[in-house]
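What the coordinates show
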Amino acid sequence: MIKRQQSDNIPIIKEEALSKIRIAHSTVELEEIYSFYLGRKGILRNFLITIGQFPAAKRPDYARNIHEAIKAIDMAARDKRGQLLLVEIKNKRSSFDITMPGIAVKRGHLHPLTLVERKIEHIFNSMGFGIIEGPEIEDAWHNFDALNIPPDHPARELWDTFWIKSKISGRAGKAPKSKLLLRTHTSPMQIRYMETHQPPFKIIVPGKAYRFEATDASHEFQFNQIEGLMVGEDVSVANFKFVVQAFFEHFFGKEINIRLRASYFPFTEPSFEVDIRCLFCSGRGCSICARSGWLEMGGAGMVHREVFKAVKYDVSRVQGFAFGFGLERLAMMKYKIPDVRLFNSGDIQLSQQF
Ligand code: PHE
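Residues numbered from 1 in each chain as written. Predicted model: local features only at pLDDT ≥ 70, side-chain atom pairs only at ≥ 80, totals over all residues. Heavy atoms only, no water.

1. Considerations on the UniProt feature "binding site: Mg(2+)" (unreviewed entry) in the protein
Per the UniProt record, "binding site: Mg(2+)" (unreviewed entry) is annotated on Glu269. If you trace the backbone, Glu269 turns up in strand β8 (residues 268–277). Ignoring anything within four residues of it in the chain, the contact list for Glu269 reads Met302 and His304. (UniProt positions renumbered as here; feature names shortened; annotations may be inferred. Helix = DSSP H or I, 4+ residues; strand = E, 2+ residues; numbered from the N terminus. Contact = heavy atoms within 4.5 Å.)

Below you can see the structure in the form of structure tokens.
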């Protein structure tokens, strides 16, 4: 530590300061020395203040000496500071080399299902469809009854259901009280939407659905669907065919051949399965389309009049189409993903590919 000295012998003080500066080891030490001599309360500054106490004759010499010492010390400190800084930066580099390549930050990536959902929403949005969401915990009335599937109807067996224990839902004046379940499809949102809106309208409903069944390469007990519903005074099968064709062509980015096959759903009449010409073999037959040349994309049909009755629409005035496609299936076809279970594997390597 530097001790304050009371000597007024300026040349000695100057030499002493210069030699201390010369041997200073660090910028911190240098600043300490500097402020001891030249700081606000430094020795030499103190001398400047006391100049007035000197006999007038000696004053000019004295002042010149002080100023000369200050200048010399200041310059020496400046030089030394530059040298010490260089050394210190160099030393720091040995432990922190700013020129070294950094550790790459791992970037997050959107899940293929998210990418596909966004793309689908974008396409339907551009055709004027609204995007609606709804509850995954549903009541049996919206999931079944209002969709023309009464409790004793054998078609209920088509949807293996996760029931929720002893919970009953339903408000007075609205849907009748019924048991809760995990929705087995997104179709109950047809009912929820029509209960609160009047035609004409066109919507899609992306969302999760659940079925109590074993998993394999193409089945999961939790999966995603895209429900579609368009209702108006003169909505026809032709409108449906045009909309799905346009959708598939935008989605897959190429010309698509579609085919409607007769099928059965309690809430549509007539009902169809929607197939597209196999994307992988162009219809020649391959392992992906099971040699049939066609890929099943989902169910669809014209909304059943019993469904319109359940939401108190005037069945003589409205008609419409509905469809339900599996999001996983669309993603698997688009990205050639072979196993539906990969989507929930949590494996980041899956997402990073798309
Ligand atoms: N909800 C049906 C299913 O999950 C699909 C569907 C939706 C069929 C709309 C027709 C109309 O199997």
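2. Things to note about the pattern of salt bridges
In this structure the tally under the stated criterion is 13 salt bridges. One salt bridge in this structure joins Arg261 and Glu296, with 3.5 Å as the shortest N-O distance. Of this pair, Arg261 sits in strand β7 (residues 258–265) while Glu296 sits in strand β9 (residues 294–303); the two residues are 35 residues apart in sequence, bridging distant segments of the chain. For Arg341, the salt bridge is made with Asp339, and the minimal N-O distance between the two is 2.8 Å. Residue class for Arg341 comes out partly exposed when judged on its relative accessible area of 37%. Taken together, the shared-partner salt bridges connect Arg259, Arg261, Asp275 and Glu296 into one network. (Salt bridge = Lys/Arg side-chain N within 4 Å of Asp/Glu carboxyl O. Buried < 20%, exposed > 50% of the residue type's maximum accessible area, 1.4 Å probe, protein only.)

3. Let's talk about the site of the ligand
Around the ligand, the surrounding shell holds 15 residues, and the nearest of these are His185, Ser187, Arg211, Gln225 and Gly324. Between the ligand and the protein, one listed contact pairs a nitrogen atom with a side-chain N or O atom of His185 at 2.9 Å. Between Gln225 and the ligand, the recorded distance is 2.9 Å, taken from a side-chain N or O atom to an oxygen atom. Relative to its unbound accessible surface of 330 Å², the ligand loses 94% to contact with the protein. (Near = heavy atom within 4 Å. Polar contact = N/O pair within 3.5 Å; in protein donor to acceptor, adjacent residues only side chain to side chain. Areas by Shrake-Rupley, 256 points an atom, 1.4 Å probe, with all protein chains shown as cover.)

4. A closer look at the sheet that holds strand β10 (residues 319–326)
In spatial order, the strands read β1-β5-β6-β10-β9-β8-β7; together these seven strands make up an open sheet with mixed pairing. Each having just a single partner strand, β1 (130–131) and β7 make up the two edges of the open sheet. (Pairing = 2+ DSSP bridges.)

5. Here we look at the layout of surface pockets
Reported here for the largest pocket is a volume of approximately 1,100 Å³. In this structure, the largest pocket is lined by 41 residues; those nearest its centre are Ser218, Met297, Gly298, Gly326 and Arg329. Broken down by secondary-structure element, the contributors of at least two residues to the lining of the largest pocket are β6 (222–232), β8, β9, β10 and α10 (327–335). Among the elements that line the lining of the largest pocket, the one with the most residues is β9, at six residues. Looking at the lining of the largest pocket residue by residue, the classes come out as 18 nonpolar, 13 polar and 10 charged. Reported here for the second largest pocket is a volume of approximately 260 Å³. Around the second largest pocket, the lining is made up of 18 residues, and of these Glu117, Gly207, Lys208, Asn224 and Leu327 lie nearest the centre. Broken down by secondary-structure element, the contributors of at least two residues to the lining of the second largest pocket are α5 (112–126), β5 (201–210), β6 and α10. Of the residues contributing to the lining of the second largest pocket, the split by class is five nonpolar, seven polar and six charged. (1 Å grid on protein atoms, 1.4 Å probe; cavity = no way out; pocket = protein on both sides within 12 Å on 5 of 7 lines; lining within 4 Å. Points joined across faces, edges and corners; volume = space filled by probe spheres on them. Nonpolar A, V, L, I, M, F, W, Y, C, P; charged D, E, K, R; others polar.)

6. Thoughts on helix α8 (residues 237–252)
Every α-helix winds through 3.6 residues per turn, so residues three or four apart in the chain are directed the same way. Between its first and last C-alpha atoms α8 spans 22 Å; for 16 residues at 1.5 Å apiece the expected length is 22 Å, and the two agree. Check the buried side of α8 and you find it contacts α5, β7, β8, β9, β10 and α10. Capping the start of α8 is the job of one residue whose side-chain oxygen sits 3.3 Å from the backbone nitrogen of Ala238: Ser236. Gly253 sits one or two positions beyond α8 and adopts a positive phi of about 70°. (Expected span 1.5 Å × (residues − 1).)

7. Side note on the nonpolar core
Within the largest apolar cluster, 43 residues are counted, with the highest numbers of intra-cluster contacts made by Ile120, Phe247, Phe248, Phe252, Ile276, Phe321 and Leu330. At the level of elements, α5, β6, α8, β8, β9, β10 and α10 are the ones that each hand at least two residues to this core. Sorting elements by how many residues they give to this core places α8 first, with seven residues. The contact partners of Ile276, leaving out residues within four places of it in the chain, are Phe248, Phe252, Ile256, Asn257, Ile258, Gly293, Trp294, Leu295 and Met297. Residues Ala140, Leu181, Met194 and Val205 belong to the second largest nonpolar core, which totals 27 residues. (Core = buried A, V, L, I, M, F, W, Y, C linked by side-chain atoms within 4.5 Å.)

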